[in-house]
Amino acid sequence: MEWFNVGKIVNTHGIRGEVRVMSRTDFPEERFAIGNKLGLFTVGAKKPIMVKVASHRTHKNFNLLSFEGYPTINDVEAFKEGYLKIAEHDLGDLEEDAFYHHEILGCLVVSVEGEEIGKVTEILETGANDVWEVTPATGKKHYIPYIEDVVKEVDIDEKKITIDVLDGLLS
């Protein structure tokens with residue numbers, strides 16, 4: 001089974017079993033909803049501890065979570081630096097022209113003329129739109145904005161993305 005990261009536990013919070021989580025998901029309300037089950041991968045663990053969200057609230061730039069059966073700071077101390085993940089079958093469907101990062105990473109990027117540009121190696125979230133870091137076989141990396149004027153076709157099954165190379169885009 002494949003697991004996908006939705007947050008990292010960076011610390012405990014208070015004495016009542018809350019943990020401070022840096023969210024790695026665009027859907028924190030859904031992923032951290034009370035009653036939702038998550039896989040907790042502690043440092044060095046190959047298999048997750050399955051936890052059920054007992055409470056969720058935001059505080060500053062963090063999500064504060066507590067889990068059923070872990071009521072005190074002593075119960076969650078060992079969770080620090082662990083990752084909260086969801087199973088592949090728990091991924092929901094996205095709206096059209098929206099993709100999960102794992103679907104885009106590794107895709108081959110080609111121009112509309114058929115010229116191979118490179119593979120997507122990183123996704124940068126800028127706020128306005130995502131920017132895809134594309135690494136060619138040789139040469140420097142390119143940064144492709146995920147906007148309609150540039151990205152013409154995304155074929156997840158073929159792991160291929162077709163772009164219109166606008167003037168100055170690859171310089």
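Scroll up to find the structure.
Per chain, residue numbering runs from 1 following the sequence as it is written. Per-residue local features are limited, in this predicted model, to residues with pLDDT of at least 70; the limit for side-chain atom pairs, both in listing and counting, is 80 or more; totals at the level of whole chains, interfaces and linings are taken over all residues. In computing side-chain values, all of the structure's heavy atoms are included and hydrogens and water are not.

Glancing now at the sheet that holds strand 2 (residues 18–23). By this definition, two strands are paired if DSSP reports at least two bridges between them. Each helix is a run of DSSP H or I of at least 4 residues and each strand a run of E of at least 2, with the numbering of both proceeding from the N terminus. Sheet architecture is closed into a barrel: 6 strands sit in the order 1-2-5-4-3-6, paired in antiparallel fashion. Averaged over all pairs of adjacent strands, the angle between strand axes in this sheet comes to 50°, irrespective of strand direction. Strand direction decides the pairing type here: strand 2 and strand 5 (residues 62–67), joined by 3 bridges, are antiparallel. Each bridged residue has a counterpart across the sheet, and for Arg20 the counterpart in strand 5 is Leu64. Here an axis means a line fitted to C-alpha atoms, over the contact stretch when the element is a helix, while the angle between two N-to-C directions is reported on a 0 to 180 degree scale.

Let's shift gears to the pairing of strand 7 (residues 108–111). The pairing of strand 7 with strand 8 (residues 116–125) spans 3 bridges and is antiparallel. Bridging from a neighbouring strand, Leu108 pairs with Lys119 of strand 8. Where strand 7 hands over to strand 8, the hairpin turn is made up of 4 residues, of which Gly114 adopts a positive phi near 100°. Summarising the sheet, strand 7 and strand 12 (residues 160–163) pair through 4 bridges and their orientation is parallel. Residue Val109 lies in a different strand from strand 12, and its bridge partner there is Ile161.

Take the nonpolar core next. Definition used in this section: a nonpolar core is a set of buried Ala, Val, Leu, Ile, Met, Phe, Trp, Tyr and Cys residues joined via side-chain atoms within 4.5 Å. Type-normalised accessible area, obtained with a 1.4 Å probe on protein chains alone, sets the label of each residue: buried when under 20%, exposed when over 50%, and partly exposed for intermediate values. Ranked by internal contacts, the top residues of the largest apolar core, which has 18 residues, are Leu38, Leu65, Phe67 and Leu84. Of all elements in the fold, only strand 1 (3–13), strand 2, strand 3 (37–41), strand 4 (49–59), strand 5 and strand 6 (83–87) reach the threshold of two or more residues within this core. For this core, the element with the highest residue contribution is strand 1, accounting for 3 residues. A contact between two residues is defined here by any heavy atoms of the two lying within 4.5 Å. Not counting residues within four places of it along the chain, the set of residues in contact with Leu65 comprises Gly17, Glu18, Val19, Val21, Phe32, Val53, Ser55, His56 and Leu84.

Before going further, it helps to examine the packing of aromatic side chains. The relative placement of two aromatic rings is captured by the distance of their centres and the angle of their planes. In this scheme Phe, Tyr and Trp rings, the latter by its six-membered ring, pair at centre separations within 6.5 Å, and the angle between planes marks the pair as stacked below 30 degrees, edge-to-face above 60, and tilted otherwise. This structure, assessed with the given rule, holds 4 aromatic pairs. Aromatic side chains Trp3 and Phe41 sit 5.5 Å apart centroid to centroid with 75° between the ring planes, which places their arrangement in the edge-to-face category. Of the two residues, Trp3 is situated in strand 1 and Phe41 in strand 3; the sequence distance between them amounts to 38 residues. Centre to centre, the rings of Trp132 and Tyr146 are 4.8 Å apart; their planes meet at 20°, and the pair counts as stacked. Within this pair, whereas Trp132 is found in strand 9 (residues 130–135), its partner Tyr146 is found in the loop between strand 10 (142–145) and strand 11 (151–155), the two being separated by 14 residues in sequence.

With that settled, consider the pattern of salt bridges. A carboxyl oxygen of Asp or Glu within 4 Å of a side-chain nitrogen of Lys or Arg is what we treat as a salt bridge. On inspection of all chains with the given rule, the structure shows 5 salt bridges. In this structure, Arg57 and Glu18 form a salt bridge, with 2.9 Å as the shortest nitrogen-oxygen distance. A residue pair is termed long-range when its members are at least 10 positions apart, and Arg57 in strand 4 and Glu18 in strand 2 qualify at 39 residues. For Glu77, the salt bridge identified is with Lys80, shortest N-O distance 2.8 Å.

Before going further, it helps to examine the sheet that holds strand 9. Reading across from one edge, 10-9-8-7-12-11 is the order of the 6 strands in this open sheet, with mixed pairing throughout. Across the chains shown, the open sheet's two edge strands, defined by having one partner strand only, are strand 10 and strand 11. Adjacent strand axes in the sheet meet at a mean angle of 35° when their direction is disregarded. Examined bridge by bridge, strand 8 and strand 9 share 6 bridges and lie antiparallel to one another. When the bridges of strand 9 are listed, Leu124 appears paired with Val131.

By the element assignment, Tyr100 lies in the loop between strand 6 and helix 3 (101–104). As a C-alpha pair, Tyr100 and His56 span 44 residues in sequence and 24 Å in three-dimensional space.

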